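# Structural description and commentary
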Amino acid sequence: LARKVARVFMMLLLDAAKAQSVADGAPTGLHVIWVAVPGDCILATSGAPSRVSWGHETLEACQVACQDDKRCWATSFTSYSGYPRCSLLTSPPTGATPKQGDASCSVKVTPLSRNAFRGPLRVAAAGAKSAGRCTHALNMQAGDWSRCDFAEFTMSGTDISKSNADFARFSFAVLVGLLGSETSFRGAYFEGAIARRAVFNNADLTDASLIGADLQGASLYDAVLVNAKLDDAKFFNATLTLANLANANAPKASFNGADLTTADLRGASFDGASLKGAVLFEADLTGASFKDADLTGAVWGSVVGFDTADFAGARNAPSLHAVECQQKTKPCAPPVLVYG
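Residues numbered from 1 in each chain as written. Predicted model: local features only at pLDDT ≥ 70, side-chain atom pairs only at ≥ 80, totals over all residues. Heavy atoms only, no water.

### Things to note about the overall build of the protein
A tally of helices and strands in the protein yields four helices and seven strands. Taken from the N to the C terminus, the helices and strands of the protein come in the order α-β-β-β-α-β-β-β-β-α-α. Looking at the protein residue by residue over its 340 residues, the buried ones come to 51%. Long-range contacts, defined as pairs at least 24 residues apart, comprise 29% of the intrachain contacts of the protein with a sequence gap of at least 6. (Helix = DSSP H or I, 4+ residues; strand = E, 2+ residues; numbered from the N terminus. Buried < 20%, exposed > 50% of the residue type's maximum accessible area, 1.4 Å probe, protein only. Contact = heavy atoms within 4.5 Å.)

Rendered as structure tokens:
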């Protein structure tokens, strides 16, 4: 489902690119997302308008000159031979030359600029920064990425740990192996994102939206997902030990093989979800709902609040014996009833 939605989303972006024109103006202020690639920017024609802005001795200063200018779509910066040169481009570049010295082509990301640029426009140059705070680089540790828009970006292996990414957008982004431990993602958007094997240990995802996200094999040890939207999300074999999912909404989500040991599931909804082979040892189920969920092979034991949880229509719901036993390595089998 997530892939189908992503394809539709991409089609809409392409339509938007066709509809947008340079005359509409480039984004400005906090709406700017910078992506930098090595080399000088290449314009559609050699005579395409651009202007040199002197007095900007760093890439960051060059971006500042463009940041709030609606006419500026990109910057081409170099400090070759000790003479900094900042060019402000009034149309989206179509690519970048092979890397020459410290030359850098920084582009304001929009559907139009993505469509115009021939080549990857997703990974920022190493160490790149921006006035708008929203440039993507492989090392984004301890940064302020709040409200940045990284939708559709490829950020696999990116280290965004110990940062502030509240209300940031990662919708349909590729986040395989992302490192996000101890980062605040409160209210962030991860709809349709592919975050397999990502690490969100001790992260705060309160009120975050992970609808349709793929977190297979991800680690969310001691993470906070209070009130999180987890509809149709995939947590196959994910680690959610000590995670707080209080009041999270996870209808039709898949937690097959996930480790929810000692997780706080108070008031959470898993209606229609699949938890086959999941480990819920010592989890707090107080007020949780598992209506019509598939609990085949789930590992129970020493759980809290079993009598307050709703298992109406659930497949292979646990027995009182199962939740009271102390086994964790394998499902606790209910006593066999012999009739006749």
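### Some details on the pattern of salt bridges
Between side chains of opposite charge, a pair can form when the charged atoms approach closely. All chains considered together, the criterion is met by seven salt bridges. For arginine 266, the salt bridge identified is with aspartate 264, shortest N-O distance 2.7 Å. Here aspartate 264 falls in the buried class, since its relative accessible area comes to 14%. In this structure, aspartate 310 and lysine 291 form a salt bridge, with 3.7 Å as the shortest nitrogen-oxygen distance. Residue aspartate 310 is located in the loop between α3 (111–116) and α4 (320–324), and its partner lysine 291 is located in the loop between α3 and α4; the two are separated by 19 residues in the primary sequence. The class for lysine 291 is partly exposed, based on a relative accessible area of 35%. (Salt bridge = Lys/Arg side-chain N within 4 Å of Asp/Glu carboxyl O.)

### Looking at the confidence of the model for the protein
Chain-level statistics for the protein give a pLDDT mean of 82 and a share of 81% at 70 or above. The model gives residues 1–19 a pLDDT under 50, and that stretch makes 19 contacts with residues more than four places away or in other chains. Counting interchain partners and residues more than four positions distant, the pLDDT-below-50 stretch residues 334–340 has three contacts. (pLDDT = per-residue confidence, 0-100.)

### Brief notes about the side chain of serine 171
The topology assignment puts serine 171 in the loop between α3 and α4. Every residue in contact with serine 171, bar those within four places of it in the chain, is listed here: Ala151, Glu152, Tyr189, Phe190 and Glu191.

### Here we look at the nonpolar core
Grouped together as the largest cluster of nonpolar side chains are 70 residues, with contacts concentrated most on Phe170, Phe200, Leu230, Leu240, Phe255, Leu275 and Phe290. Residues Cys62, Cys72, Phe77 and Leu88 belong to the second largest nonpolar core, which totals nine residues. (Core = buried A, V, L, I, M, F, W, Y, C linked by side-chain atoms within 4.5 Å.)

### Quick word on the packing of aromatic side chains
For the coordinates displayed, the defined rule picks out 15 aromatic pairs. Measuring from ring centre to ring centre gives 5.5 Å for phenylalanine 185 and phenylalanine 200, while their planes differ by 75°; the resulting arrangement is edge-to-face. With a gap of 15 residues between them, phenylalanine 185 in the loop between α3 and α4 and phenylalanine 200 in the loop between α3 and α4 connect regions that are remote in the sequence. Considering the side-chain rings of phenylalanine 306 and phenylalanine 311, the 5.5 Å spacing of their centres and the 40° angle between planes classify their relative orientation as tilted. Neither phenylalanine 306 nor phenylalanine 311 differs from the other in exposure class; each is buried. An aromatic cluster of at least three residues, connected via ring pairs, comprises Trp145, Phe150, Phe153, Phe170, Phe185, Phe190 and Phe200. (Phe/Tyr/Trp six-rings, centres within 6.5 Å; stacked < 30°, edge-to-face > 60°.)

### Quick notes on the state of the cysteines
Note on terminology: a disulfide is the covalent bond linking the sulfur atoms of two cysteines. Tallied over the entire structure, the rule returns four disulfides. Paired through a disulfide, cysteine 41 and cysteine 105 show a sulfur-sulfur distance of 2.0 Å. Handedness of the cysteine 41-cysteine 105 disulfide follows from its S-S torsion of about 105°: it is right-handed. Taken together, the residues span a long stretch of sequence, with cysteine 41 in strand β2 (residues 41–42) and cysteine 105 in strand β7 (residues 104–108) at a distance of 64 residues. Take cysteine 105: its relative accessible area is 0%, and that puts it in the buried class. Each disulfide pairs two cysteine sulfurs, and for cysteine 66 the partner residue is cysteine 72, the sulfurs being separated by 2.1 Å. The chirality of the disulfide connecting cysteine 66 with cysteine 72 is left-handed, given an S-S dihedral of about -110°. Of the two residues, cysteine 66 and cysteine 72, neither departs from the other in class, the shared state being buried. (Disulfide = S-S within 2.5 Å.)

### Brief notes about the pairing of strand β4 (residues 74–78)
The side chains of a regular strand alternate, residue by residue, between the two faces of the sheet. In terms of burial, β4 is a largely internal element, five of the five residues being buried. The alternating pattern of β4 places Ala74, Ser76 and Thr78 on one face and Thr75 and Phe77 on the opposite face, and all of these are buried. Where β4 lies against strand β5 (residues 85–89), five bridges are found, and the strand directions are antiparallel. Opposite serine 76, over in β5, you have serine 87 as the bridge partner. Two strands pair when backbone bridges link them, and β4 and β7 are joined in this way by four bridges, in the antiparallel orientation. Residue pairing across strands places phenylalanine 77 opposite serine 104, the latter belonging to β7. (Pairing = 2+ DSSP bridges.)

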